[in-house]
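Chain by chain, the residues:
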There are 2 protein chains.
Amino acid sequence: MKHVIAATAALVLATSATAQDGPAPSPHEIVAGAPQSEWVAIQREDLLVMTLAPDRDGNVRRVVIQLMPAPFSQGWVKNIRTLARAQWYDGTSINRVQDNYVVQWGDVDGEDAAKAKPLPEGLQVMGEDEYARSDAVKFFDVVWGQLGWRSSSEIVQSIRTQLGPRADFDDAYSATVGFHSGFPFGQSSEIRHQSDAMYIRTADAWPVHCYGMVGVGRSYSPDTGSGAELYTVIGHAPRHLDRNTALVGRVIEGIEHLSSLPRGTGELGFYESADERVTIESIRMGTEAEVAPFEYLDTESATFARYAEARANRRDPFFIVPAGGADICNIPVPVRRVAAQ
Amino acid sequence: MKHVIAATAALVLATSATAQDGPAPSPHEIVAGAPQSEWVAIQREDLLVMTLAPDRDGNVRRVVIQLMPAPFSQGWVKNIRTLARAQWYDGTSINRVQDNYVVQWGDVDGEDAAKAKPLPEGLQVMGEDEYARSDAVKFFDVVWGQLGWRSSSEIVQSIRTQLGPRADFDDAYSATVGFHSGFPFGQSSEIRHQSDAMYIRTADAWPVHCYGMVGVGRSYSPDTGSGAELYTVIGHAPRHLDRNTALVGRVIEGIEHLSSLPRGTGELGFYESADERVTIESIRMGTEAEVAPFEYLDTESATFARYAEARANRRDPFFIVPAGGADICNIPVPVRRVAAQ
């Protein structure tokens with residue numbers, strides 16, 4: 001809910017409109033103005049390069065995935081590196097395309113023990129307790145910085161300092177949301193009441209299912225999947241999957257090769273015949289593939305905070321009514337190819 | 001934020017798990033169990049049937065759109081009926097497919113006065129003030145019923161009565177969200193403080209940009225578009241467009257024919273060449289087309305409330321951790337073809 005914040009927003013907007021010359025910059029323009037020092041290089045060992053069979057017109061289809069940073073999902077991420085280095089994914093296929101949900105790939109016979117492609121040695125079995133981390137990190141939240149217990153009045157002050165009183169990032173799925181190392185996260189809170197004050201701190205944190213995020217397919221509990229079967233989100237953020245499957249990265253280039261595939265007509269969008277499935281020619285680690293270097297906008301940078309605020313309050317010329325808020329999946333982290341030197 | 005609610009959820013879930021026999025029903029199963037009396041027929045005059053040129057394999061591509069109910073966007077809806085009855089859309093094309101955003105269609109020369117296809121007589125010019133309604137209706141919110149001023153304690157009681165203390169529908173874009181006549185809406189609030197109590201009532205209400213919603217393309221302000229150019233959402237809900245463009249309906253069948261189209265490579269996802277554009281063979285009113293009857297699940301029904309709560313707290317066997325909440329665009333209104341008698 002945001003009653004007060006919406007009213008305050010109008011006030012602040014009126015002020016900034018008179019204080020500025022020319023139209024307000026769009027979120028894209030704000031990002032374009034970020035100094036190079038705010039861009040963070042993505043390491044090649046954190047990239048996966050998936051090459052699909054060419055399309056009907058012979059066009060190359062290549063998808064680049066950035067793997068999840070520590071301390072999240074690292075067991076599955078390690079398995080995926082093992083599978084890619086063993087070239088295990090090569091010759092598997094895209095088996096499921098469900099509209100407004102996911103594209104899923106792997107061994108189409110993976111659930112049939114007699115026909116399944118043998119997995120490489122050394123894959124870890126992960127537990128459900130790894131879906132969220134309680135030991136997690138110093139978080140810089142777009143809403144507030146959370147280090148240990150803080151009073152609710154301190155938090156309100158912190159919000160004002162960081163973004164001005166102009167943005168609302170309320171979330172229906174978690175106590176708060178934020179960004180860490182370039183990825184979006186949800187967080188749970190613990191609350192203590194003491195005298196008249198309320199004190200809050202982050203308890204757990206977990207990556208969230210935004211568009212383009214890549215996760216680990218699994219069977220029913222207690223299986224958590226190995227990483228041999230993967231999916232990516234191609235629709236409205238299915239946040240109900242948060243903490244129910246492992247998120248291991250996100251697509252940073254080429255998602256259109258997945259999102260524009262024909263939808264499967266079987267149950268849950270599975271393809272019903274072999275000729276519908278797109279062959280995965282290879283999945284390689286970024287260290288073993290020809291791939292351009294990428295970088296992301298530091299999610300703790302001043303420009304990212306301005307960008308998030310501008311996503312929440314669109315003031316570029318097309319817009320009439322700024323929303324006054326945004327959900328975390330509507331603030332995609334800017335990623336770009338590093339310009340050639 | 002939801003600190004208290006998440007903690008309470010765990011408690012309630014533990015109770016319901018022991019009280020029930022067998023696995024909890026999925027949202028889909030809850031909907032399947034709705035009595036016929038909770039399904040509302042969609043009138044043929046509220047349907048649009050769009051037929052695209054066949055795909056490369058000669059398959060028919062047909063998209064069915066349900067128009068927005070009164071009192072929202074009715075000027076644009078009337079224009080669209082006029083355009084469809086004049087067969088104006090026939091021979092126009094799909095001109096833009098932007099990944100994780102929209103598919104847009106209309107006259108590709110629409111902005112070139114010399115080449116634009118002449119519009120039929122009688123189209124209304126609409127104002128921006130029609131994007132939201134302050135005179136709007138008796139709302140039944142999934143969170144609470146709002147009729148005039150209510151105290152915050154009444155509201156809390158109302159939430160408990162309707163859904164139990166188990167679901168959080170916090171929204172970053174509006175004071176509250178809810179459903180009306182089968183469509184999702186955002187609402188703003190007015191607040192009054194009196195003695196120690198806070199009183200709240202709905203001020204404006206407006207339709208929101210969920211997946212599959214259909215809106216009116218427009219130029220810069222003060223133009224609001226006529227309805228000759230339309231778009232539909234094919235990605236994460238772009239809620240920043242709420243109250244900035246007119247929403248006139250939603251796709252209820254065949255969205256895969258739009259969402260799986262190749263992405264445009266021009267700016268904003270516009271196609272760069274004529275052969276990329278898909279021809280629209282026709283758009284007809286449901287009264288003038290062969291189209292199956294459809295119905296939607298009454299959004300004020302008991303089953304819809306159970307369905308919304310189950311979307312917010314997935315307890316069917318795949319799930320380990322229920323979210324404890326859901327955003328409005330993750331609670332799609334169930335729509336189905338009426339079974340043949």
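Here the structure is shown first, and the text comes after it.
Let me begin by describing the structure that accompanies this report. Everything quoted here is computed from the prediction, not taken from an experiment. Per chain, the residues get numbers from 1 upward, laid out in the order the sequence is written. Here chains are named by letter from A upward and ligands by number from 1 upward, in the order in which they appear as written. Under the rules for a predicted model, residues below a pLDDT of 70 receive no local features and side-chain atom pairs below 80 are neither given nor counted, while totals for whole chains, interfaces and linings still include all residues. Think of the side-chain values as coming from all heavy atoms in the structure, minus any hydrogens and water.

Moving on, we come to the overall build of chain A. Elements are defined by DSSP. Helices are runs of H or I of four residues or more, strands are runs of E of two residues or more, and each kind is numbered from the N terminus. Regarding its fold elements, chain A presents six helices and 17 strands. Whether a residue is buried, partly exposed or exposed follows from its accessible area with a 1.4 Å probe, protein chains only, as a fraction of its type maximum: under 20%, in between, or over 50%, in that order. Looking at the 341 residues of chain A, the share that counts as buried comes to 57%. Sequence-distant contacts in chain A: of pairs separated by 6 or more residues, those separated by 24 or more amount to 73%. All accessible-area figures derive from a Shrake-Rupley calculation using a 1.4 Å probe, and residue coverage is judged against the displayed protein chains alone. A total of about 14400 Å² of accessible surface is found on chain A, and carbon and sulfur atoms cover 51% of it. Contact definition: two residues touch when any of their heavy atoms are within 4.5 Å.

It is common to give the size of an interface as the accessible area lost on bringing the parts into contact. The partner chain A presents 58 residues to the 58 residues of chain B that form the contact. Accessible area that two parts lose when put together, with a 1.4 Å probe and added across both, is what the buried area reports. Summing the contributions of chain B and of chain A, the shared interface buries around 4900 Å²; its carbon and sulfur component is 57%. Residues Arg56 of chain A and Asp57 of chain B are paired through a salt bridge, measuring 3.2 Å at the closest nitrogen-oxygen approach. Counted as a polar contact is a pair of N or O atoms within 3.5 Å, where, for protein atoms, one must be capable of donating a hydrogen and the other of accepting one, and residues adjacent in sequence contribute only when both atoms are in side chains. Joining chain B to chain A, the criterion identifies 23 residue pairs in polar contact (both at pLDDT 80 or more). When contributions to the side of chain B that touches chain A are tallied by element, the ones reaching two or more residues are strand S10 (183-194) and helix H5 (256-259) of chain B. Throughout this entry, Asp, Glu, Lys and Arg are counted as charged residues, while Ala, Val, Leu, Ile, Met, Phe, Trp, Tyr, Cys and Pro are counted as nonpolar. The remaining residues, Gly among them, count as polar. Taken together, the residues of the side of chain B that touches chain A break down into 26 nonpolar, 16 polar and 16 charged. Any Lys or Arg side-chain nitrogen found within 4 Å of a carboxyl oxygen on Asp or Glu counts as a salt bridge.

Residue and element names in this part refer to chain B. Taken in spatial order, the eight strands line up as S2-S3-S14-S12-S13-S5-S4-S15 and close into a barrel, and their pairing is antiparallel. Strand-to-strand, the axes of this sheet are offset by a mean angle of 35°, without reference to chain direction. For strand S4 (residues 93-97) and strand S5 (residues 102-106), the ladder comprises four bridges, and the chain directions are antiparallel. From the neighbouring strand, Ser93 faces S5, where its bridge partner is Gly106. Every angle, taken between N-to-C directions, lies between 0 and 180 degrees, and every axis is a line fitted to C-alpha atoms, over only the stretch in contact when it is a helix. Together, strand S2 (47-52), strand S3 (61-67), strand S12 (213-216), strand S13 (230-233), strand S14 (247-253) and strand S15 (278-285) form the strand contacts of helix H3 (residues 74-85), whose direction differs from that of S15 by roughly 105°. Strands were regarded as paired on the criterion that DSSP finds at least two bridges between them.

We now examine the state of the cysteines. Residues and elements named next belong to chain A. The disulfide criterion is simple: two cysteine sulfur atoms within 2.5 Å. Going through the model one piece at a time under the given rule, you end up with two disulfides over all chains. A sulfur-sulfur distance of 2.1 Å marks the disulfide that ties Cys210 to Cys329. Across the S-S bond linking Cys210 and Cys329, the dihedral sits near -75°, which makes this disulfide left-handed. A residue pair is termed long-range when its members are at least 10 positions apart, and Cys210 in the loop between strand S11 (197-207) and strand S12 (213-216) and Cys329 in the loop between helix H6 (302-312) and strand S17 (335-337) qualify at 119 residues. In this structure, Cys210 and Cys329 share a single accessibility class: buried.

Moving on, we get to empty space enclosed by the protein. In this analysis, the protein atoms alone were mapped onto a 1 Å grid. Cavities are point sets where a 1.4 Å probe fits without being able to get out; pockets are open sets with protein on both sides within 12 Å along at least five of seven lines; lining residues have an atom within 4 Å of a point. Grid points are joined across faces, edges and corners, and a volume is the space filled by probe spheres set on the points. Overall, the coordinates contain five cavities of 30 Å³ or more when judged by the stated rule. Of the pockets and cavities examined, the largest cavity occupies roughly 140 Å³. If you go around the largest cavity, you meet 16 residues; those closest to its centre are Tyr173 and Asp327 of chain A together with Asp171, Tyr173 and Asp327 of chain B.

Moving on to the pattern of salt bridges. Using the criterion set out here, one finds 24 salt bridges over all chains in the structure. Here the residues in one salt-bridge network are Asp171, Arg239 and Asp242 of chain A, joined through shared partners.

To go from the first copy of the chain to the second, apply a rotation about an axis and then a shift along the same axis. In this comparison the copies share one frame, found by least squares on the C-alpha atoms of residues holding pLDDT of at least 70 in both. Superposing chain B onto chain A takes a rotation of 180° combined with a translation of 0.0 Å along the rotation axis, leaving an RMSD of 0.0 Å. What the rotation and shift describe, once combined, is the action of a two-fold rotation axis.

The subject of this paragraph is helix H6 (residues 302-312) of chain B. Counting buried residues along H6 of chain B, eight of its eleven residues qualify, which places the element largely inside the surrounding structure. All buried positions along H6 of chain B are accounted for by Thr303, Phe304, Tyr307, Ala308, Glu309, Ala310, Arg311 and Ala312 of chain B.

One turn of the α-helix equals 3.6 residues, which is why residues spaced by three or four share an orientation. Residues and elements named next belong to chain B. Any helix carries an expected span of 1.5 Å times its number of residues minus one. Taking 1.5 Å per residue as the helical rise, H3 with its twelve residues ought to reach 16 Å, and the 16 Å between its terminal C-alpha atoms agrees with that figure. All of the buried residues along H3 are Gly75, Trp76, Val77, Asn79, Ile80, Arg81, Leu83 and Ala84. Of the surrounding secondary structure, the elements contacted by the buried residues of H3 are S2, S3, S12, S13, S14 and S15. Looking one or two residues beyond H3, the residue adopting positive phi is Gln87, at roughly 55°.

Residues and elements named next belong to chain B. Here His209 lies in the loop between strand S11 (197-207) and S12. Judged by relative accessible area, which is 0%, His209 ranks as buried. Of note is the side chain of His209, whose polar atom sits 3.3 Å from the side chain of Thr245. In contact with His209, other than residues within four places in its own chain, are Tyr231, Val233, Ala237, Pro238, Arg239, Leu241, Asp242, Thr245, Leu247 and Cys329.

A separate point is the sheet that holds strand S16 (residues 294-297) of chain A. Two orientations exist for strands paired in a sheet by backbone hydrogen bonds: parallel and antiparallel. Residues and elements named next belong to chain A. The three strands lie next to each other as S1-S16-S17, forming an open sheet whose pairing is antiparallel. Among the strands making up the open sheet, the edge pair consists of strand S1 (39-41) and S17. Neighbouring strand axes in the sheet, compared pairwise and without regard to direction, differ in orientation by 35° on average. In the sheet, S1 pairs with S16 via three bridges, with the strands oriented antiparallel. When the sheet's bridge partners are listed, Trp39 is paired in S16 with Leu297.

Turning next to the packing of aromatic side chains. When the centres of two rings from Phe, Tyr and Trp lie within 6.5 Å, Trp using its six-membered ring, the rings pair. Their planes under 30 degrees apart give stacked, over 60 give edge-to-face, and anything left gives tilted. This structure, assessed with the given rule, holds 14 aromatic pairs over all chains. Look at Phe318 of chain A and Tyr220 of chain B: their rings are 6.3 Å apart centre to centre, the planes differ by 75°, and that puts the pair in the edge-to-face class. Taken as a pair, Phe318 of chain A in the loop between H6 and S17 and Tyr220 of chain B in the loop between S12 and S13 lie in two separate chains rather than in one. We classify Tyr220 of chain B as exposed; its relative accessible area is 54%. Ring geometry for Phe304 of chain B and Tyr307 of chain B: centres 5.7 Å apart, planes at 50°, overall tilted.

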